Amino acid sequence: MLAQYIAFCEFLVIIPGMKQTIKHKLKSGYNTYPYWRGLPPQLSNNNKPQGVTMNRIVKILMVLVLPLALFAQNTITGTVTDAKTGNGLAGANVVVGGTTMGAAADVDGYFVIENVPDGTYTLTASVIGYVNGNATLTLPGAGSVDFALTASALEMSALEVFASRATRNTPVAYSDVSKADMELRLASQDIPMALNTTPSVYATMQGGGAGDARVNVRGFNQNNIAIMINGVPVNDMENGWVYWSNWDGVGDATSSIQMQRGLSAVNLATPSVGGTMNIITDPAAFDRGVMFKQEIGNDGFLKSTLNFNSGLINDKLAINGAVVRKIGDGLIDYTWTDAWAYYFGASYALTDADRIEFYAIGAPQRHGQNLYKQNIGVYDEEFAKSLDDYDEAALDKFFEVDRLYNETGSEVSSSYKGKQYFYMYGAREVDRYDPNFMNERENYYHKPQVNLNWYHSFSDAFRLGTTVYFSGGSGGGTGTWGSMAWDYSNPSRIVDYDGTLAKNAARTDGSASGILRNSVNRQWTIGAISKATYNVNENLKVIAGVDWRTAEVNHFYEVRDLLGADYLYWNGNDFDSEADYQKGLGDKFNYYETNTIDWLGGFAQAEYVTDMFSVYGTAGLSTIKYSFVDHFRDDGNGDEYSLESDPISGFQLKGGGLYNIMDGLGVFANFGYIEKVPIFDGVISDVLGTMNPDPQNEKITSVEGGVNFAGLNGMLTLNGNVYYTMWQDRANNRNYTMEDGTEAVISLLGMDQTHMGVELEAAFQPIDLFRLDAAVGIGNWTYDNDVEGSYKNYDTSPATEEEYTYYVKGLKIGDSPQTQIAFAASVFPVDGLQAQVVYKYYDRYYADWSPFTRTALEDGERPEAWQVPAAGVMDLHLTYLLPIEAAGFNFKVFAHVFNALDEVYIQDAVDNSPYNGWDKDHDADDAEVYFGLPRSFNVGLQIER
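Residues numbered from 1 in each chain as written. Predicted model: local features only at pLDDT ≥ 70, side-chain atom pairs only at ≥ 80, totals over all residues. Heavy atoms only, no water.

### Some words on the overall build of the chain
Each helix and strand counted, the chain has seven helices and 57 strands in total. In the chain, which comprises 945 residues, the share counted as buried stands at 56%. If you take every contact in the chain between residues at least 6 apart in sequence, the share linking residues at least 24 apart comes to 68%. Element-wise, carbon and sulfur atoms account for 55% of the exposed surface of the chain, whose accessible area totals about 37,700 Å². (Helix = DSSP H or I, 4+ residues; strand = E, 2+ residues; numbered from the N terminus. Buried < 20%, exposed > 50% of the residue type's maximum accessible area, 1.4 Å probe, protein only. Contact = heavy atoms within 4.5 Å. Areas by Shrake-Rupley, 256 points an atom, 1.4 Å probe, with all protein chains shown as cover.)

### Topic: the environment of methionine 691
Within the element layout of this structure, methionine 691 appears in strand β43 (residues 690–691). Counting along the chain gives 64 residues from methionine 691 to serine 627, while the straight-line C-alpha distance between them is 9.8 Å.

### Comments concerning a nonpolar patch on the surface
Residues Val290, Phe292, Leu306, Phe308, Phe344, Tyr348, Leu350, Ile356, Phe358, Leu452, Trp454 and Val468 make up a contiguous nonpolar surface patch of roughly 970 Å² in combined accessible area. Put simply, the parts of the chain that give the nonpolar patch at least two residues each are β17 (288–297), β18 (301–310), β20 (337–349), β21 (354–362) and β29 (449–457). As for its placement among the helices and strands, leucine 350 is situated in the loop between β20 and β21. (Patch = residues over 30% accessible without salt bridge, like charges linked within 9 Å, V, L, I, M, F, W, Y side chains within 5 Å. Salt bridge = Lys/Arg side-chain N within 4 Å of Asp/Glu carboxyl O.)

### Some details on empty space enclosed by the protein
The tally for this structure, following the rule as stated, stands at 12 cavities of 30 Å³ or more. Approximately 790 Å³ is the volume attributed to the largest cavity. Looking at the largest cavity, it is lined by 44 residues, and the ones nearest its centre are Gln189, Met205, Phe898, Leu933 and Ser936. Put simply, the parts of the chain that give the lining of the largest cavity at least two residues each are β11 (201–204), β19 (317–328), β51 (833–846), β53 (871–886) and β57 (936–944). (1 Å grid on protein atoms, 1.4 Å probe; cavity = no way out; pocket = protein on both sides within 12 Å on 5 of 7 lines; lining within 4 Å. Points joined across faces, edges and corners; volume = space filled by probe spheres on them.)

### Details of a negative patch on the surface
Residues Glu382, Asp391, Glu392, Glu400, Glu858, Asp859, Glu861, Asp919 and Asp921 make up a contiguous surface patch of negative charge. Summarising the element assignment, glutamate 400 is placed in the loop between α6 (381–385) and β24 (409–411). (Lys, Arg positive; Asp, Glu negative; His and termini not counted. Charge placed at Lys NZ, Arg CZ, Asp CG, Glu CD.)

### Comments concerning the nonpolar core
Ranked by internal contacts, the top residues of the largest apolar core, which has 30 residues, are Trp244, Trp247, Ile257, Met277 and Ile279. Residue assignment for this core shows that the elements contributing at least two residues are β11, β12 (214–217), β13 (225–229), β15 (254–261), β16 (275–281) and β21. At three residues, the largest contribution of residues to this core is made by β13. In this structure isoleucine 257 touches Arg165, Ser175, Asp176, Val177, Met182, Ile191, Leu195, Met277, Asn278 and Ile279, once residues within four positions along its chain are discounted. Residues Ile494, Ala927, Val929 and Phe931 belong to the second largest nonpolar core, which totals 25 residues. (Core = buried A, V, L, I, M, F, W, Y, C linked by side-chain atoms within 4.5 Å.)

### Some remarks on the packing of aromatic side chains
Counted under the stated rule, the structure contains 29 aromatic pairs. The interplanar angle of 80 degrees and the centroid separation of 5.3 Å between the aromatic rings of tyrosine 806 and phenylalanine 852 together place this pair among those described as edge-to-face. Of this pair, tyrosine 806 sits in strand β49 (residues 800–806) while phenylalanine 852 sits in the loop between β51 and β52 (867–868), placing them 46 residues apart in sequence. Relative accessible area serves as the criterion here: at 17%, phenylalanine 852 is assigned to the buried category. Counting every residue linked through ring pairs, the aromatic cluster contains Trp481, Phe556, Tyr557, Trp570, Phe589, Tyr591, Tyr592 and Phe632. (Phe/Tyr/Trp six-rings, centres within 6.5 Å; stacked < 30°, edge-to-face > 60°.)

Shown next as C-alpha cells:
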C-alpha cells in the first residue's frame, strides 16, 4: 500500500504543464508573458521551461495533506504556564529530547505532540523571557506533563518592560502571531502580511514592490496605528507613516508580533487609534545554535538567511545575530529588489541585579516601485466588462495590457552609459540597475535602529528599565524633472528615455531638458524610554515612565541622472551666485528644508490582578514642538527662513477590567479618550513655509467589550468583542492669508467619524491531526455628519465671510473591507509535517476617498464611493521537519503558494480618480486600482542546529 501511494505521489508531481510567468527578451524590449494567455511567439510547446512550477507545488501540497498517518503512536499533551501568574505562555516550544519532535503552545499554553514512539524521554519547555523547564516521561503511560516556568534574568525582558504585551488577564482585544506562525505563512512578504489572519486587519502589498506594503486596522490606516519594535516606536515622527522597506529583514529576526486592536493597553504616551503592533525580535538565547535558510521563488527570487546564537558564555553573555541577502526581478514588471538585512543582539549580566542589552537592526535596500494605480480595464478587460457599473466605452482609452503592468518602468538604449547618483551609506555614482531599462520610481533606503537597554532590580518588588536608542539614515525615491519625452502608446504615459536623451543632446549649451531626480529624506532620531515598576503587593503593580525623543529630517531634491546632459540649470536658491546655477550629479535643487520634532511624554499605570478579576488604568501626557528651516529662502535679513511652533500638548486616559466568571470563561471591557496632537503638516506647511497660529487636537473616544472562552478539554478557544470608536475634529488643513497679510495654515474642523464593529477569533482542534483557526471582523465605519463652518477671507477687499460645507453624512469610510473573514485549516498527518490552507474573504470594501472633496451635493444626493467587488483568496503553506539528522543538524523543507487559485480581484482602489477615471460618477470605470497579485510561490530548505 505504501509503495502504491509513493508511486501515486510521483505521478502527480511529474505531470507536465504549468502556469508560470516568465520574462522574455524580445527585439522590441522587455516584455512579460503569462503562459495562460498564450505562449510568446518564439516559444513552442516543446521548449517551455521546465523545473519547479506552481502547478507542481500545488500538487505536492495536495499530496502531502492526504492522510498519511498510518503509523501514529503515543501522544503527549500538557501546558506551559508562568509560575507566578499561572497564565499560559503562548508560543512556548516543547521538544522531545533525542528526537526532532516538538510543538508550540497555543494562546492558552496548551501543546500536543503526536506520534511519539515508546521510550523514556526528557522534555524541555522554553520561551523567551523564562528559564527552561525539563521533565522526564516514559511511554507508553501517562502522556501528560505540565510546565510552570519562572522569569529569566538574562533573556529578553524587553518583552515585559518596554513592549507592554497583553496577556489573558489584560482587558483588551488582541491577537498573537508566533514565530512558528510567521515561518509557516509569511514567506518573505512584508511583515504586515502576517496579520491578515487576525480580525479587522487588512494588509496588502499595494503595487507589489518589496517593502511597499500598507496595513489598516478597524478602518484606520497606519498613520493611526502605533508600530513598535521591542517597545520602541518606529512611526515616522513627521506624519506617523511606516515605510516597511526600512524594516525589510525584520521578519527573519522576529520572535513574535502582538496586535492590540483599538486604543490598546500600551502605556507609552504614543496615541494608538486603530491599534498597536508590537514586534519582538529574537532574544539572546541560552542555547548555542546556527540556522541557514535558502528560499527560491517566481521571477528570479532568491533569499539566503543565516542566524546564529552563541549560547550562554561564562554564565553572563549571550549573543545572537542574522544576515539576510535578497534579490529578485519582482512579480509585477520592473519591481526588482536588491536588498540586505542584518540583526545583532547581545545580553550581558553585570550583576544579579543589573543587565544590559544591545540590539541593532537594519536593511539597506533598493527596489523598483509600482506607485501608480490603473483603470480596471488596463489590467483585465474581461474583468472590467463583468462589472455592471463599468462603462465599456472607457476601454477605448484604457485598453488592456495585463495584470503585471507597471507604468514606472520603460526601456532605454544599452548604449547609454551615464552614471546615477544616490546617497545611502555614502555617496555613490553607480551604473543603473539594468542596462536595458530604467525605473521612473525607485526606492532606496538604509535606516538602522540601535538600542541600548539597561535593567536594574532594586529589590524583588522594584525594578527599573531604560532604553536609549538611535534611528537614522538616508535614502529616498526617484522621479522625473523638467521637460521629458513621453511615450503615449500605452494606456498611461511612460517615460521615453531615448527620446529624452535625444532632446538633451540637441541642446547646444549642454543643459538638460529633463533629468531623473532623487527626492531625499535624510534623518536621525534619538530617544530614551524609562519605566519604573513597583509591585505594591502580589496583586497591585504600579508603573510610571517617561518617553523622550527628538528628530531632525532633511528633505531635498538632488540630481540623480543627467540623461546625457552636462548639467541642470536651476536658479531658485536665494543664496546661490550665478556660477552655482549649473547643477551636477548629487547637487541639491528645487527645495532643501530641515524639519525638527521634539517630543516629551510621561505616563503612569496601575494594575490590580487576582484570580477572579483584573483592572488597570493609564494616564499619559505628551508635548510636541516643531521647527522648519528653508535653506534656499532668504528671510529678508540675509538668513535662512525659519519657523518654530510653540509646544502643543495632548493626553490620553485609558482603563479597563476583566472578570473571570468561571475557569475558561471571562468577560472584559475597556474605555479610552485621547487628544491627539496634529502631525507636522497640520502645524507647519513645509511646502509654502507657513504656520498654523491655532492648531487643534483631534479627539478620539473608544469603548470596547468582549468575552474570552477556552473549553472542551482544551479543544476550543474563542474570543469575541465589540468596539465603538469615535474620531472627532479630524482637521482639513489649508493655506490661508491672515488679516495682516502674512501666510498661514488654517484648520477647518468638525469632521467626525465613527468606527464600530464586532470581532471574533477562534481556534478548534478536535483531534491531533486537524486544527481550524478563524478570524472575523465586521465593521460599520461611517462619517457622522455634514460639516459646516466659515472663516474670514482676507484675500478679498473688503474681507468676506467664506462658508464651507462637506456633504458626507452617513457615507462609508473607504480604503479597507468592512467585512473580513479568514479561515486557516491545518493538518498534521505525520511527525514534523504541517500543511495549511488559508482562505481570506473580503466584502463591503469602499474605495479610498477624501471627505474634504465632497463640497457639493451631486444631483441632490451624497453618493457612496465605489464599492469594490467581494473577493476570496486562497493560500497554501507546507512545512516538514525531515526525520533525519546529520552531525546534529536538522533539516526542514517548506513551500508556499499565494493566491493558489489565481483569483482575479482588486485589493486597493481609489474612487473617482482624476487620472484614470472616466466620467466621475463613482462607478467602476472611475476608479483606479491595484489588482491582487497573481499566483506566486516560495519554496526552500532550512538547516538548523
